[in-house]
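Fold and contact review
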Amino acid sequence: MTACIPATPQFAQYPLPPLQNGSLLSPPEGEPATKYTLHPVTRQWIATSVRVRLDCYPFQDGTLRVVYHMKDLSQPAGPQQDFVAKLAKDPNEPRDCYFLDCEMQALAGYFGEQYNSLRPPKRVRFVEAFIIECHGRMSRSSATPLVFAVERYLSGQYMKHTNNYGWVSPHDRNTPQAFSHFTYQHSHGTVLVADIQGVSQGGVDWYTDPQIHSSQGGTRLPVPGAPGFGFGKGDLGPDGMQQFFVTHKCNAICRALGLPMLQQKADDSGTYVRPGGFPGGVEAAAARRQVFKHLTSTPRQQ
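**Examining the overall build of the protein chain**
The helix and strand tally for the protein chain stands at 5 helices and 13 strands. Considering only intrachain contacts with a sequence separation of at least 6, the fraction spanning at least 24 residues in the protein chain is 61%. Counting every atom, the protein chain has about 13,800 Å² of accessible surface; 54% of that belongs to carbon and sulfur.

If you want it as structure tokens, here you go:
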């Protein structure tokens, strides 16, 4: 999957910062890097040495980041080596923001687990994100190694369901909408997971790149989710939460979860809910909120 094509690529204005020898191209044996993964319980970052190969140019151009194909040569040969590496367009983006994005995705994954425990019609999962630090490439704005936010490559039809300010896809699927509503209710209005996008595979919605709105907005303190802490530039705080509910129309899943019914969806024929709803409903998740309190009050370590 990773091959640097010499012809002018689609996003030629975003070449990778070069290696120390001036080449954009990773050598066949890969370039040395450090992989940082977040431990789900201790919230400590674990460092391991790997070798990776990166495309010279991105294949995707987003609002804030560009995305490159990457192979992790420490993984078994084949599709298991295929990842995507995301680099901020802003050359002055603080290194810490990459780690924050991974923590945000991990917290969204926690909410996915809680949602799935209620046995909804379709489960949701968030792709695990981690950090790659390339020792042979320097950041454009400082003499520090280049870092990327990395996650596994998702094959299939990629769909954006919502953004972080109330936009809803014309498809208006029930699962993404109900999941966001659930996160707000489950956290007692502390956070809301928005900007839902990804791929549907094997009866599971695989999501990536979420944005979390917090009751505190985009301020920055050491513990994500704690009083006074936000989740980066895209955290629009109470305004972002409000914009979600302006366009959100509760559906059959919201009803079965026991979520407060606000505006109701006119055509709700897309989801079958067994009589009596889901086992336990929202009450079954009440005890698990203590886990959320633990996750958002544990000191952040990097």
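Moving on from the model shown.
**Thoughts on the pattern of salt bridges**
Counting across every chain of the model gives 14 salt bridges. A salt bridge links Lys-86 to Asp-209; the shortest N-O distance between them is 2.9 Å. With Lys-86 in strand β5 (residues 82–88) and Asp-209 in the loop between β12 (204–207) and β13 (211–214), this residue pair connects regions lying 123 residues apart in the sequence. Beyond isolated ion pairs, a larger network of salt bridges with shared partners links Arg-65, Lys-86, Asp-101, Glu-151 and Asp-209.

**A short note on the packing of aromatic side chains**
Considering all chains together, one arrives at 12 aromatic pairs under this definition. Look at Trp-45 and Phe-99: their rings are 4.8 Å apart centre to centre, the planes differ by 90°, and that puts the pair in the edge-to-face class. Taken as a pair, Trp-45 in strand β2 (residues 45–54) and Phe-99 in helix α1 (residues 95–116) lie far apart in primary sequence, 54 residues in all. Accessibility expressed as a relative area gives 11% for Trp-45, which makes it buried. Taking 5.7 Å as the distance between ring centres and 45° as the angle between the ring planes, the aromatic pair formed by Phe-126 and Phe-179 counts as tilted.

**Focus on the sheet that holds β12**
Here 4 strands make up an open sheet; going across it, the order is β6-β12-β11-β9 and the pairing mixed. If you trace the sheet from one side to the other, it starts and ends with β6 (123–126) and β9 (158–160), each paired once. Neighbouring strand axes in the sheet, compared pairwise and without regard to direction, differ in orientation by 35° on average. Its contacts with the sheet put helix α2 (residues 174–186) on β6 and β12, and the angle it makes with β12 is roughly 65°.

**Some thoughts on the confidence of the model for the protein chain**
Per-residue confidence for the protein chain gives a mean pLDDT of 86; residues scoring 70 or more make up 82%. Across residues 221–228, confidence stays below pLDDT 50; counting only partners more than four residues off in sequence or on other chains, it has 26 contacts. The low-confidence segment residues 282–302 (pLDDT under 50) makes 52 contacts with residues lying over four places distant or belonging to another chain.

**Here's the deal with helix α3 (residues 237–247)**
Residues Gly-237, Gly-240, Met-241, Phe-244 and Phe-245 constitute the buried set of α3. All buried residues of α3 project into a common sector of 135° when viewed along the axis, lining one side. Turned more than 90 degrees away from the buried face of α3, the exposed residues are Pro-238 and Gln-242. Looking at the buried positions of α3, the neighbouring elements they touch are α2, β10 (191–194) and β13.

**Let's talk about α2**
Compared with an ideal rise of 1.5 Å per residue, which puts 13 residues at 18 Å, α2 spans 18 Å between its outermost C-alpha atoms and is within 8% of the ideal. Buried residues dominate α2, accounting for 11 of its 13 residues. All of the buried residues in α2 are Asn-174, Thr-175, Pro-176, Gln-177, Ala-178, Phe-179, Ser-180, His-181, Phe-182, Thr-183 and His-186. Phi for His-188, located one or two positions after α2, is positive at around 60°.

**Some thoughts on the side chain of Asn-251**
Turning to its location among the elements, Asn-251 is positioned in the loop between α3 and α4 (252–257). Under the relative-accessibility criterion, Asn-251 is labelled buried at 0%. There is a polar contact of 3.2 Å between the side chain of Asn-251 and the backbone oxygen of Asn-174. Setting aside its immediate chain neighbours within four residues, Asn-251 contacts Asn-174, Gln-177, Ala-178, Met-261, Lys-265 and Asp-268.

**Here we look at the nonpolar core**
Ranked by size, the top nonpolar core spans 28 residues in total, and within it Met-70, Ile-131, Ile-132, Phe-148 and Val-150 carry the most contacts. At the level of elements, β1 (31–38), β2, β4 (65–72), β5, α1, β7 (129–138) and β8 (145–152) are the ones that each hand at least two residues to this core. In this structure, Val-193, Ile-196, Cys-250 and Ile-253 belong to the second largest nonpolar core, which totals 23 residues.

**Observations concerning the packing of α2 against α3**
Close contact between α2 and α3 brings their axes to 11 Å; oriented N to C, the two are set at 135°. Comparing the axis directions of α2 and α3 gives the class oblique. Crossing angle aside, the handedness with which α2 passes α3 is left-handed. Here Gln-177, Ser-180, His-181 and Tyr-184 of α2 lie close against α3, whose contacting residues are Met-241, Phe-244 and Phe-245. Along the lines of polarity and charge, the residues of the contact of α2 with α3 split into 4 nonpolar, 3 polar and no charged.

Cut-off values and rules
- Residues numbered from 1 in each chain as written.
- Predicted model: local features only at pLDDT ≥ 70, side-chain atom pairs only at ≥ 80, totals over all residues.
- Heavy atoms only, no water.
- Helix = DSSP H or I, 4+ residues; strand = E, 2+ residues; numbered from the N terminus.
- Contact = heavy atoms within 4.5 Å.
- Areas by Shrake-Rupley, 256 points an atom, 1.4 Å probe, with all protein chains shown as cover.
- Salt bridge = Lys/Arg side-chain N within 4 Å of Asp/Glu carboxyl O.
- Phe/Tyr/Trp six-rings, centres within 6.5 Å; stacked < 30°, edge-to-face > 60°.
- Buried < 20%, exposed > 50% of the residue type's maximum accessible area, 1.4 Å probe, protein only.
- Pairing = 2+ DSSP bridges.
- Axes fitted to C-alpha atoms, helices over the stretch in contact; angles between N-to-C directions.
- pLDDT = per-residue confidence, 0-100.
- Arc of directions from axis to C-beta.
- Expected span 1.5 Å × (residues − 1).
- Polar contact = N/O pair within 3.5 Å; in protein donor to acceptor, adjacent residues only side chain to side chain.
- Core = buried A, V, L, I, M, F, W, Y, C linked by side-chain atoms within 4.5 Å.
- Parallel < 35°, antiparallel > 145°, perpendicular 65-115°, else oblique.
- Left-handed = near helix turned anticlockwise from the far one by under 90°.
- Nonpolar A, V, L, I, M, F, W, Y, C, P; charged D, E, K, R; others polar.

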